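The chain contents come next:
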Amino acid sequence: MAVIKAVSGGASSIGDLVSYLIKDEKTRCDLMTGVNCSADNAVQEMEETKIFYDKRGGRQYQHFIQSFSPDEKLSPRSSHELALELIEKEKLFDGFECLVVTHIDREHLHNHIVVNSVSLADGHKFRYSKRELEGMKSVSDIYYKVLYEHPV
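Residues numbered from 1 in each chain as written. Predicted model: local features only at pLDDT ≥ 70, side-chain atom pairs only at ≥ 80, totals over all residues. Heavy atoms only, no water.

K.L.:
I'd love a proper account of the environment of H80, names of residues and values included.
P.N.:
Considering the arrangement of structural elements, one finds H80 in helix α3 (residues 76-89). A C-alpha to C-alpha distance of 8.7 Å links H80 and T33, two positions 47 residues apart in sequence. There is a polar contact of 2.6 Å between the side chain of H80 and the side chain of T33. (Helix = DSSP H or I, 4+ residues; strand = E, 2+ residues; numbered from the N terminus. Polar contact = N/O pair within 3.5 Å; in protein donor to acceptor, adjacent residues only side chain to side chain.)

See the structure below:
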């Protein structure tokens, strides 16, 4: 089962974060996917959404990490698919641009999910509660069981 945690944005910009996430030694091109944006242009598209809705202040993104134990027999592709399923099924992400990057540089596979702070659909800011984070973990567990039994 996955562990999901929200990571504090810190002082880095969304561009700095994405530059770190997509380093060649950490991932591969086939393990980077944009949802409601292109993986290659995610930062620019997210920034354009903020400009369009005139919401360039405050938090710029939300960063989640979905981690798996080294004992779990997931392929990098299966791990990546789990993050994509989570975004598709979890209503919290509806209308938001997300970038999913799976890291394969450690003993354990882990996915980084970067969510634009401004909704592409209607301009509202991304917010979640502790309860919604717990719900996210439950959704992830359901899809983990499905993919663990039928790895991609």
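K.L.:
I'd like a rundown of the side chain of Q66, residues and numbers included.
P.N.:
Residue position: Q66 is located in strand β3 (residues 61-67). Within the structure, Q66 has its side chain in polar contact with the side chain of S140 (distance 2.8 Å). Excluding residues within four positions of it along the chain, Q66 makes contact with A2, V3, I4, S79, L82, A83, L86, L109, H110, N111 and S140. (Contact = heavy atoms within 4.5 Å.)

K.L.:
Mind laying out the nonpolar core, listing which residues take part and the relevant values?
P.N.:
Core analysis: the biggest nonpolar cluster contains 17 residues, and F64, L86, F93, I113, V115, F126 and M136 have the highest contact counts within it. Of all the elements in the fold, those that place two or more residues in this core are α3, β4 (98-103), β5 (110-116) and α4 (130-149). If one sorts the elements of this core by residue count, α3 sits on top with four residues. Other than its neighbours up to four places away in sequence, L86 contacts I4, Q66, F93, I113, M136, V139 and S140. Counting 13 residues, the second-largest nonpolar core is a separate cluster that includes L17, L21, M32 and M46. (Core = buried A, V, L, I, M, F, W, Y, C linked by side-chain atoms within 4.5 Å. Buried < 20%, exposed > 50% of the residue type's maximum accessible area, 1.4 Å probe, protein only.)

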